[in-house]
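# What the coordinates show
Read off the chains here:
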Amino acid sequence: MSSRRLARLNEQLKREISDILRDEVRDPRIGVPTVTGVEVTPDLWLARVYVRSDPTTEKKGVSDLLEGLEHAGPFIRRQLAEVLEVRRIPELRFLADKTLDQAIRIERILQEVLPERGSDEDGGAEVGPEESPDADGPEGRNGSVEG
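Source: prediction; values computed, not measured. (Residues numbered from 1 in each chain as written. Predicted model: local features only at pLDDT ≥ 70, side-chain atom pairs only at ≥ 80, totals over all residues. Heavy atoms only, no water.)

## Some thoughts on the overall build of the protein chain
Rule in force here: Working definition: helices are DSSP H or I runs of at least four residues, strands are E runs of at least two. Numbering for both runs from the N terminus. Note on exposure labels: buried denotes an accessible area under 20% of the residue type's maximum, exposed denotes more than 50%, and partly exposed covers the range between, all computed with a 1.4 Å probe on protein chains only. Throughout, a residue-residue contact means that at least one pair of heavy atoms, one from each residue, lies within 4.5 Å. Per-residue and other accessible areas follow the Shrake-Rupley method at a 1.4 Å probe size, with only the shown protein chains counted as cover for residues.
Assigned secondary structure in the protein chain consists of three helices and three strands. Going residue by residue from the N terminus, the α and β elements of the protein chain occur as α-β-β-α-β-α. Counting across all 147 residues of the protein chain, residues that qualify as buried make up 28%. Long-range pairs, those at least 24 residues apart, make up 59% of the contacts in the protein chain with a sequence separation of at least 6. As displayed, the protein chain offers around 10800 Å² of accessible surface, 50% of which is attributable to carbon and sulfur atoms.

This is the structure we're talking about:
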């Protein structure tokens, strides 16, 4: 399968699964999670669905969310079969999306490692009066020696 077609299928599955979770699934463990991405294998046997919990159910934990999604998986597949015109609806495997947590962790590490910038807003070294391109020294502004 071409990578362009697979990318389109990934996006379509992401949209359709989001709609199904929002409108049709009524499991209280799930709430309304955000589907952040879908990766379908080239043979269309498996789709990894990456989700983040919504703020109202976040306190319950990711394990409850994933358990509820696994339980609703067959229902979601049946709903996808009605909407999509694909020969085979892939098996859905729900995974917690950890990219935001990893990005926050990297940002914290970078803040610890990188030195704080002082009042110098451009981040460059300060230019003294003798190094300043505007300073009039033995040469004038046009580069000729005044005499």
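## A short note on the pairing of strand β1 (residues 34-40)
The criterion, for reference: Note: two strands are recorded as paired if DSSP finds a minimum of 2 bridges between them.
Alignment of β1 against strand β2 (residues 46-52), held across six bridges, turns out to be antiparallel. Residue pairing across strands places V40 opposite A47, the latter belonging to β2. Taking the residues that link successive antiparallel strands as the turn, the β1-β2 hairpin has five residues, and the phi of L44 there is positive, at about 65°.

## Brief notes about the nonpolar core
The condition that has to hold: The definition of a nonpolar core used throughout is a set of buried Ala, Val, Leu, Ile, Met, Phe, Trp, Tyr and Cys residues joined through side-chain atoms within 4.5 Å.
Counting 24 residues, the largest nonpolar core has I17, I76 and L80 as its most contacted members. Taken together, the elements giving at least two residues each to this core come down to α1 (3-23), β1, β2, α2 (62-83) and β3 (91-96). Examining the composition of this core, we find that six residues originate from one element, α1, more than from any other. The contact partners of L80, leaving out residues within four places of it in the chain, are L13, E16, I17, I20, I89 and L92.

## What to know about a positive patch on the surface
Stated formally: Surface patches are drawn from residues lacking salt bridges whose relative accessible area is over 30%; two like charges belong together within 9 Å, two nonpolar side chains (Val, Leu, Ile, Met, Phe, Trp, Tyr) within 5 Å. For this document, the term salt bridge refers to a Lys or Arg side-chain nitrogen within 4 Å of an Asp or Glu carboxyl oxygen. When charges are tallied, Lys and Arg are placed among the positive residues and Asp and Glu among the negative ones, while His and the ends of the chain are skipped. By convention, charge coordinates are those of NZ in Lys, CZ in Arg, CG in Asp, or CD in Glu.
On the surface, R4, R5, R8 and R87 cluster together into a positively charged patch. Examined against the element boundaries, R8 turns out to sit in helix α1.

## Structural notes on the pairing of β2
For a regular strand, the rule is simple: side chains alternate between the two faces of the sheet. Direction of pairing for β2 relative to β3: parallel, over a ladder of six bridges. The partner of V49 across the bridge, within β3, is F94.

## Structural notes on the sheet that holds β3
Convention followed: Axis definition: a line fitted to C-alpha atoms, limited for helices to the stretch in contact. Angles are taken between N-to-C directions and run from 0 to 180 degrees.
The mixed open sheet is built from three strands, whose spatial order is β1-β2-β3. For this open sheet the edge positions go to β1 and β3, each flanked by a neighbour on one side alone. Adjacent strand axes in the sheet meet at a mean angle of 25° when their direction is disregarded. The strands touched by α1 within the sheet are β1, β2 and β3, with β1 carrying the most contacts at an inclination of about 145°. Docked against the sheet, α2 engages β2 and β3, running at close to 155° with respect to β3.

## Brief notes about the side chain of T41
How we decide: Polar contacts here mean pairs of N or O atoms no more than 3.5 Å apart (in protein, one a potential hydrogen donor and the other a potential acceptor; neighbouring residues in sequence count only if both atoms are side-chain atoms).
Within the secondary structure, T41 is located in the loop between β1 and β2. A polar side-chain atom of T41 sits 3.4 Å from the main-chain amide nitrogen of W45. The contact partners of T41, leaving out residues within four places of it in the chain, are L6, L46 and R48.

## A few points about α1
The condition is simple: The span expected for a helix works out to 1.5 Å for each residue beyond the first. Here the arc refers to the directions that run from the helix axis out to each C-beta atom.
Taking 1.5 Å as the rise per residue, α1 with 21 residues should run 30 Å; its terminal C-alpha atoms sit 30 Å apart, in good agreement. Every buried residue of α1 is listed here: L6, L9, N10, L13, E16, I17, I20 and L21. Within α1, the buried residues cover an arc of 145° as seen down the axis, which keeps them to one side. Facing away from the buried side of α1 by over 90 degrees, the exposed positions are R4 and R8. Taken together, the buried residues of α1 touch β1, β2, α2 and β3.

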